[in-house]
Every structure is written in structure tokens, then in C-alpha cells.
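Chains, contacts and geometry: an overview
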Amino acid sequence: MSSWPACLALALVAPLHAGEHERAPANAERVEAVATQVPLILESPACEHEKLGAIEITIGEKVSEITQDTNVPTVDYGRAMDKLAAAAQQRGANAVVLRMHQGVYFTRSGKQSRKPVYVKLRGAAIHLSPEALAQCSLTPLSVAELEARSRDGKPQNVSSRTAFEDETAK
């Protein structure tokens, strides 16, 4: 019986681009009806908006190759998206343009975790006036779409040092 070293699979660490799938756009009523939910979008809207700065969140554990736990806790993309939306809302934003997404999966004995053990999302918080929202349709990114992007990305087998190098450089 061969023994595989534990490693991390890094899924999709890249800027996000416009969605490939057609979706019904959110209109001003949709955004206002869910006032506590800030939509995550893939492109800056063409209508006038105020830029409120970059926001970044992380959830999950930074596991390493020496982790002995056979059941490393996984995280949910929906929770990560909610956390990013909440951070944007605290800044006064009513939308977030998602700029980067990183999902880290844990692999032991050749078996990859079904969900990520660590997620990092980075975006630009923006605010659109009610008039701009009425003129401009926003196409929110769904949890299923973000998960699909993660699965569609080519996983990279990397060490924990490489997976979290942005974190350690700070």
C-alpha cells in the first residue's frame, strides 16, 4: 500500500471575468427588496457608481502537510460570499465587484476534500445611487456559479507555503 503525502490543491487563484452563462439581471426592485444582501458581481457596472475601496475576507483554516486530522473542517462558498457582502455593506456599498477568488482543498492519501478548507475572496466595494440602479442592471454571481468556477479551474498540487504565500508576506 503506497503512502501519498498530504498536500493542498489550490483551485482557481485568478481574477474572475465576465460570466459565461446568461442569467436574469437584478433590477432596482430586486436590490432594494433584499436590502441587507449586497450582490456580488463579476464586472463593474457601466452606470455611474462610487468606488469605496477594496475588501477582502477569508474563512477556514490554513492547514499544512503536517496536519494529522483526518477530518479537516471544510467551509462553504455561500458563507464566504455572505461575509464579503457583509463587509461591503459595512462600508456603505450596495454591490461588490469580485476581483479574486482562492479555494484551497486538502488532500490526504490521494483523496481531495469535497469542499475547500480555506477560501479567500477579494473585491471592490461600490455604491450605486437609486437612479443608477434603476438604469443599470446588475447580474449577481450565485454560490453555484462560484463553486462551478472553482471546480472548473485546474487544481494545482502545492505546498501550504505556496498556497498561503500572500498571507505570510504580510
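Attention here is on the structure that accompanies the text. Since the structure is predicted, the reported quantities are computational estimates derived from the model, not experimental observations. (Residues numbered from 1 in each chain as written. Predicted model: local features only at pLDDT ≥ 70, side-chain atom pairs only at ≥ 80, totals over all residues. Heavy atoms only, no water.)

**Structural notes on the overall build of the protein chain**
Counting secondary structure elements, the protein chain contains six helices and seven strands. Its helices and strands in sequence order give the protein chain the pattern β-α-β-β-α-β-β-β-α-α-β-α-α, from N to C terminus. By element, 50% of the accessible surface of the protein chain is carried by carbon and sulfur atoms, the whole surface being about 9800 Å². (Helix = DSSP H or I, 4+ residues; strand = E, 2+ residues; numbered from the N terminus. Areas by Shrake-Rupley, 256 points an atom, 1.4 Å probe, with all protein chains shown as cover.)

**As for the pattern of salt bridges**
Applying the stated criterion across every chain yields a total of two salt bridges. Note that arginine 122 is salt-bridged to glutamate 56, the shortest N-O span being 2.6 Å. Highlighted residues: arginine 122 in strand 6 (residues 118–127) and glutamate 56 in strand 3 (residues 50–60), separated in sequence by 66 residues. Residue aspartate 76 pairs with lysine 115 through a salt bridge whose shortest N-O separation is 3.2 Å. On the criterion of sequence distance, the pair formed by aspartate 76 in the loop between strand 3 and helix 2 (77–90) and lysine 115 in the loop between strand 5 (111–112) and strand 6 is long-range, its members being 39 residues apart. Residue lysine 115 is classed as partly exposed on the basis of its relative accessible area of 37%. (Salt bridge = Lys/Arg side-chain N within 4 Å of Asp/Glu carboxyl O. Buried < 20%, exposed > 50% of the residue type's maximum accessible area, 1.4 Å probe, protein only.)

**Remarks on the nonpolar core**
With 22 residues, the main nonpolar core has Leu84 and Leu121 as its most contacted residues. Listing elements by their share of this core, those giving two or more residues are strand 3, helix 2, strand 4 (95–108) and strand 6. With six residues, helix 2 is the largest single contributor of residues to this core. The contact partners of leucine 84, leaving out residues within four places of it in the chain, are Leu40, Ile55, Ile57, Val96, Leu98 and Leu121. Ile41, Val97, Ala124 and Ala132 belong to the second largest nonpolar core, which has 11 residues in total. (Core = buried A, V, L, I, M, F, W, Y, C linked by side-chain atoms within 4.5 Å. Contact = heavy atoms within 4.5 Å.)

**Comments concerning the packing of helix 2 against helix 4 (residues 143–152)**
Where helix 2 meets helix 4, the axes come as close as 9 Å, and the angle between the chain directions of the two elements is 115 degrees. The chirality of how helix 2 crosses helix 4 is right-handed. The segment helix 2 lies against helix 4, with Tyr77, Gly78 and Met81 engaging Val143, Leu146, Glu147 and Ser150. For the contact of helix 2 with helix 4, the class distribution of residues is four nonpolar, two polar and one charged. (Axes fitted to C-alpha atoms, helices over the stretch in contact; angles between N-to-C directions. Left-handed = near helix turned anticlockwise from the far one by under 90°. Nonpolar A, V, L, I, M, F, W, Y, C, P; charged D, E, K, R; others polar.)

**Some details on helix 4**
Every buried residue of helix 4 is accounted for by Glu145, Leu146, Arg149 and Ser150. Axial view of helix 4: buried residues confined to an arc of 140 degrees, hence all on one face. Within helix 4, the exposed residues directed more than 90 degrees away from the buried face are Arg151 and Asp152. (Arc of directions from axis to C-beta.)

**Here we look at the pairing of strand 4**
Within strand 4, 12 of the 14 residues are buried, leaving the element largely enclosed by the surrounding structure. Where strand 2 (residues 40–41) lies against strand 4, two bridges are found, and the strand directions are parallel. Its bridge partner being in strand 4, isoleucine 41 is matched across the sheet by valine 97. As paired strands, strand 4 and strand 6 are joined by nine bridges and run antiparallel to one another. Counterpart to valine 97 in the pairing with strand 6 is alanine 124. Note: strand 4 against strand 5, two bridges, orientation antiparallel. When the bridges of strand 5 are listed, arginine 108 appears paired with lysine 111. (Pairing = 2+ DSSP bridges.)

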